[in-house]
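For reference, the chains in residue letters:
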Amino acid sequence: MTGKGLPGRFESGRVRVGDHVRWRGEEFRVDALAGPTITLQPVAPGAVVPVDALYSAVAGAADFAVLDPAGRPVERTGLPPLGTLLRGVSEQDRTNALKWHLHIKEIDTGIRPGRLLPRPGYDPATTTVAQRCQAKAAELEDLDGVRVSWRTLDDKRRKWKAAGENPLVLIVDGRKGRPPRPGGNTDPRLIEAMHEVTHALARESGGRINRALDLVEDLVRRRYAKELQDPAEAERLLLPQSTFYKRMAELGLSDVLRQTTRQRSARASKPKGPFTPSHALKPGQLTQIDTTPLKIKALGEDGEVVSAELTSLVDVASRSTAAVMIVPAVTGDGPVGQRVGGRATRAFDLVLTLAQCFAPLYAQPGWDPLTAATASALPFGELRAADPRFTEATAARPVIHPATIVLDQGSPYLSQHFEDVCAFLGIAIRYARKDQPTDKPIGERFFSTLADGFSQHVAGWTGRNHQARGRGIDRGPLWTINELQQMAQEWVALEYQQLPHEGLTHPSLPGQHLSPNEMYAALVSRSGYRPRPLTPEDSRKLLVPAWVKVNDKGFEVDNRPYQSPSGELKPLEGLDSGLAGPGKGGRWEVRYDPYRPEVAWLYDHRSPGRWIKAEFVHRHLLTDPWTVDHWDAATALVLADGGRKEHHAAIALAVKDRRRRTRTAPPRRSRTNALPPFQGPALNVEEVVEDRYAGISDLDLDAIVPYPAHVLPAAGPPPAQRPAPALAGLFGDDADTDTEDGDRYGDGDEPEQERRAAFLGGDVITDSLTTPFEGEL
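### Considering the overall build of the protein
Next up, step 1: In terms of regular secondary structure, the protein is built from 22 helices and 20 strands.
Next up, step 2: Within the protein, buried positions represent 41% of all 777 residues.
Next up, step 3: A sequence separation of at least 24 residues applies to 61% of the contacts in the protein between residues at least 6 apart.

Take a look at the structure:
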C-alpha cells in the first residue's frame, strides 16, 4: 500500500511507508519502519520535526486509523490467516495453493517466506518485478519441470494481489475460470452434517465412504424430517451418490476416513482453531497436571510383575516439572465392580503430588553430584536466604507453588477430596474438555520427553505401543515402584531441568534456548519467591477425610478400630458433634493416611486447632508396614473363611500373615531382601517437639577440670543449741563451735579450712550448705 492510503480496503491491518495515518488527533505520514519503531512526519503546515515511536503504541491507540486520499479512515477488511482460508479445501489443493503462494510471494517482495535475505536474482533493490518473474519461470522449469511463461506468472501475481494475497486464486479451475469453492453449491447444512459424521467415526473401526453416506442421510432426515417436520427440505438437501463422494473429496473428509484409527482419533482430539496457546509470565501462575500409563513393568511387593502409572505437574512459564508421582496399577481379582486388590492412581496420590510442590526435593544417596542445586542454574544463594529448607543436599528442582491447575476430567481429579485440598492450598482448578488433550499440551508433551529421555532406558520398558513391545520383559530384571520413583526424580533434576528447551527463550537473549532451571531463575528474579512450608496441621488437612461416631471403644474407619492411648476420646464418647450436612449427621471429622493407617487424627472443632491422635487398636500385632489395601484383602479372606467384619483381630492377623509370607517368599531375580509395599511420600503430620539439648555436644570426661576453690565468709555464729556437723570429725580434732571469730571448727586454721572445703567440692561449709551435704553423705 503506497501513496496516501489504498481506497476501499486495509490489507490485514498493514501499515507501509508512505501511508497517511491518524494518531492522537493529528495526521501523519509514515516515513520509516525500523523493527519495533515507526517514524511519523506531521503533515500539518509548519511541522518539520518527525516523531519516533513504538509501532505497538501507535497502532494500539484508540484513535489510530489509516487514511484514504480523502482523509477518511480506511475500513479494516482483509482475509483471515492462511490456515483458515485453506481449511475446507482438499489436501492436494491445499498443497498446491501453499506452493504457489511461496513462489508468488517471492516474486512480489523479492524475499521468500521464512528467509531473511533475498536469493540471487530476486533482490528487490537490483531487480524489477518482470526480471523476478523471468527468474522464477526459469527456476520452475529447471527444478520442477513446470513450463510457464513469465507473463503468466505476472498475471497470477496481479490476481493474487487483487484478491488480497488469497492463495486460492492460484489454483484456478480452468473450465469455469474461478477458484474452486470447497463444497461447490452444496448447502452448508449438509456440509456441516458431513463434518459431524466424520467426527463421530473418528474413534470407531475404519470403514468405507458408503458408510458415511448412509449416516449422513440418516442424520439429515432425523434432523429435518422429524425434528423440523419438513421431509421435503430433508430430501432437497441430500445429494446423489457420485456428487456426495466428490464433495467429501473436496472437503478432505475422504482422506480422513482412510486414515488409521489412531490418526483419526488424534485429529478429532485437536481443538477447533483458532485457540489461545498456554501462556504464563511467572512460575506457578499456570500449571498442567495429567496421568498416563508409565509403560514400564515393575515388581510388586509380592514379587509379581505389575504395571505403573505416572502423574506429573508441569509449570507452563518455566516448563519445570514441579512434581512426579509413580503408583502401581493392578487390575485386581473378581468380577467387574467387585474386584479386590485392584488399584491405580487415586485422589490421595494426586494430593501427594501437590504436596511435593511445597517442599524442596532432596538428593538421595547414590545420586549424581550434578543433581545438586548448588551445581545448577538455580539461584541457590537467594533461595536459601529466603527459605532455610534449601540445604547443600537440595536437588536441582525448583519449588513452585501452583496458582492455577489445568486438569482433565478423570475420576480422581473430580473427587471432592482433591477439590477440597486445592481450595485449602489456594489453587484454582480449570478443567480441560473431554477428549481434548491439546487443552494441556505441555503436560502431554512431557510424557513424550519422559519416554525418550528416561523410560526407554529403564529395564522393563514395554515400548510406545503393543506392536513395539519386546519379548520376555516379564522374565527379565525389573525395578520396584519405589525405585522407579527415585530414578524418575533423579532424571528430572539431572537432565530435564538442566537441558535447553526449544520452547524457552528470554527477551534479552533472542535465539538462545534456555533450560527450565535457567528460565525459572530469570522469572523468579522478577516475581520473587516466598516459602510456604506445610505445617503438621496443614498436612493433616491433606489426609483422607472420614466421619465417625465416638463410643466407649473409640471409633472405626472403614472397619478399622482406633482408640486414643491418652484417653482424650473419653469426653467425646456418645457425644453429638453438632455438625450437620451430607454424610455428617452429628459425626466427628477424622483424617487418616491410607498408606500408613496405623494412626488417625480426630479434629475437635469445638477447640480450633486441637487434634486428637488415635492409634489402631491392634497395632501391636502388625510389625511390618501395611496399607488399607492389605486390610481390604485380608478382610475378604476372613469373610471367605466364614468370619465377620467385626473380627478385627483375625483380620489383623491375616494382614500379618500376608506380610510375613511376602517377606519370607523365595527371592526373585537374585533379590534377597523383602520388597516394601508402595506407600508414597510421607506427610509430616506429627508435631515437632523442641529438643532442649539440640546443638549441645556429647560430654567429654577427659575435659573436666576441678572448679577453683572459693572461700565464702561465714554468715554468722550458728545457734548454740545446734550440734556440730558430723563431718567435722573427718578433718581433725573437735572444735568449739562458739568461738569469737566465728570459726565453725574452732581451730582458726584458714588453710586447713580451705583444704576441707576443697574436699567437699571447693567451697567452705557454711550453715546454708550443711544440710544438703549431710543428706548426701
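Here the narrative resumes, following the displayed structure.
### Let's talk about the packing of helix 3 (residues 91–109) against helix 5 (residues 150–162)
When two helices pack together, their arrangement is given by the angle between the helix axes and by the axis-to-axis distance.
Next up, step 1: The N-to-C vectors of helix 3 and helix 5 enclose an angle of 95°; their axes lie 10 Å apart at closest approach. Regarding the angle of helix 3 to helix 5, the classification is roughly perpendicular. Contacts between helix 3 and helix 5 involve Trp100, His101, Ile104, Lys105, Ile107 and Asp108 on the former and, on the latter, Leu153, Lys156, Arg157, Trp160 and Lys161.
Next up, step 2: The class makeup of the residues in the contact of helix 3 with helix 5 is five nonpolar, one polar and five charged.

### Thoughts on the nonpolar core
Next up, step 1: In terms of nonpolar packing, the biggest core is built from 104 residues, with Ile326, Leu354, Phe555 and Leu602 touching the most fellow members.
Next up, step 2: Beyond its immediate stretch of four places on either side in the chain, phenylalanine 555 contacts Val548, Lys549, Arg560, Pro561, Tyr562, Leu569, Val590, Ala600, Leu602 and Ala614.
Next up, step 3: Listed in part, the 20 residues of the second largest apolar core include Ala193, Leu213, Met248 and Leu253.

### Some thoughts on helix 6 (residues 188–200)
Next up, step 1: With 13 residues, helix 6 should cover 18 Å at 1.5 Å per step; its first-to-last C-alpha distance of 18 Å lies within 8% of that length.
Next up, step 2: What helix 6 keeps buried is the set Leu190, Ile191, Ala193, Met194, Val197 and Thr198. Seen end-on, helix 6 carries its buried residues on one side only, within an arc spanning 155°. Relative to its buried face, helix 6 has exposed residues pointing more than 90 degrees away, namely Pro188 and Ala200.

### Quick look at the sheet that holds strand 16 (residues 555–557)
Next up, step 1: One open sheet accounts for six strands, arranged 15-18-19-20-17-16; its pairing is antiparallel. Each end of this open sheet is capped by a strand with a single partner; those strands are strand 15 (544–548) and strand 16. Here the strands of the sheet are splayed against their neighbours by 40° on average, with no regard to which way each runs.
Next up, step 2: By the bridge criterion, five bridges tie strand 18 (residues 588–593) to strand 19 (residues 596–604) in an arrangement that is antiparallel. Looking at the pairing, valine 590 lines up with leucine 602 of strand 19.

### What about helix 17 (residues 516–527)?
Next up, step 1: The end-to-end C-alpha distance of helix 17, which contains 12 residues, comes to 16 Å, matching closely the 16 Å that a straight helix rising 1.5 Å per residue would cover.
Next up, step 2: Residues of helix 17 that are buried include every one of Pro516, Asn517, Met519, Tyr520, Ala521, Ala522, Leu523 and Val524, and no others.
Next up, step 3: Contacts from the buried residues of helix 17 go to helix 13 (380–386), strand 13 (501–506) and strand 14 (509–514).
Next up, step 4: Positive phi shows up at glycine 528, right after helix 17, with a value of about 85°.

### Re the pattern of salt bridges
Next up, step 1: Considering all chains together, one arrives at 36 salt bridges under this definition.
Next up, step 2: The partner of glutamate 139 in a salt bridge is arginine 119, with the nearest N and O atoms 2.9 Å apart. Placement of the pair is glutamate 139 in helix 4 (residues 129–144) and arginine 119 in the loop between helix 3 and helix 4, with a sequence separation of 20 residues.
Next up, step 3: Close ionic contact of aspartate 290 with lysine 440 constitutes a salt bridge, the shortest N to O distance being 3.9 Å.

### Details of the sheet that holds strand 5 (residues 65–67)
Next up, step 1: Pairing in this open sheet of five strands is antiparallel, and the strands run 4-3-2-1-5 from one edge to the other. Looking at which strands have only one partner, the edges of the open sheet turn out to be strand 4 (51–54) and strand 5. Strand after strand, the sheet turns through a mean of 45° between neighbouring axes, direction not considered.
Next up, step 2: Pairing geometry for strand 1 (residues 20–23) and strand 2 (residues 26–34), over four bridges, is antiparallel. Counted as the bridge partner of histidine 20 is arginine 29 from strand 2.

### Some words on the pairing of strand 9 (residues 321–329)
Next up, step 1: Counting buried positions over the nine residues of strand 9 gives eight, a clear majority of the element.
Next up, step 2: Looking at chain direction, strand 8 (residues 305–315) and strand 9 are connected through eight bridges and run antiparallel. Looking at strand 9, one finds that alanine 308 is bridged to proline 328.

### Thoughts on unusual backbone geometry
Next up, step 1: A positive phi is found at lysine 295, a non-glycine position, where the angle reads about 60°.
Next up, step 2: Residue position: lysine 295 is located in the loop between strand 6 (287–293) and strand 7 (298–299).
Next up, step 3: By relative accessible area, which is 35% here, lysine 295 ends up partly exposed.
Next up, step 4: Even without being a glycine, arginine 319 presents a positive backbone phi close to 60°.
Next up, step 5: Among the secondary structure elements, arginine 319 is positioned in the loop between strand 8 and strand 9.
Next up, step 6: Take arginine 319: its relative accessible area is 16%, and that puts it in the buried class.

### With respect to the pairing of strand 10 (residues 404–407)
Next up, step 1: The alternating pattern of strand 10 places Thr404 and Val406 on one face and Ile405 and Leu407 on the opposite face, and all of these are buried.
Next up, step 2: Pairing between strand 6 and strand 10: two bridges, direction parallel. Paired with threonine 287 across the bridge in strand 10 is isoleucine 405.
Next up, step 3: Where strand 10 meets strand 11 (residues 428–431), four bridges bridge the pair, whose relative direction is parallel. Among the inter-strand pairings, threonine 404 is bridged to a residue of strand 11, identified as alanine 428.
Next up, step 4: Read from strand 10 through helix 14 (residues 416–424) to strand 11, the crossover connection turns out right-handed.

Rules used in this analysis
Residues numbered from 1 in each chain as written. Predicted model: local features only at pLDDT ≥ 70, side-chain atom pairs only at ≥ 80, totals over all residues. Heavy atoms only, no water. Helix = DSSP H or I, 4+ residues; strand = E, 2+ residues; numbered from the N terminus. Buried < 20%, exposed > 50% of the residue type's maximum accessible area, 1.4 Å probe, protein only. Contact = heavy atoms within 4.5 Å. Axes fitted to C-alpha atoms, helices over the stretch in contact; angles between N-to-C directions. Parallel < 35°, antiparallel > 145°, perpendicular 65-115°, else oblique. Nonpolar A, V, L, I, M, F, W, Y, C, P; charged D, E, K, R; others polar. Core = buried A, V, L, I, M, F, W, Y, C linked by side-chain atoms within 4.5 Å. Expected span 1.5 Å × (residues − 1). Arc of directions from axis to C-beta. Pairing = 2+ DSSP bridges. Salt bridge = Lys/Arg side-chain N within 4 Å of Asp/Glu carboxyl O. Right-handed = clockwise from strand over helix to strand, strands pointing away.

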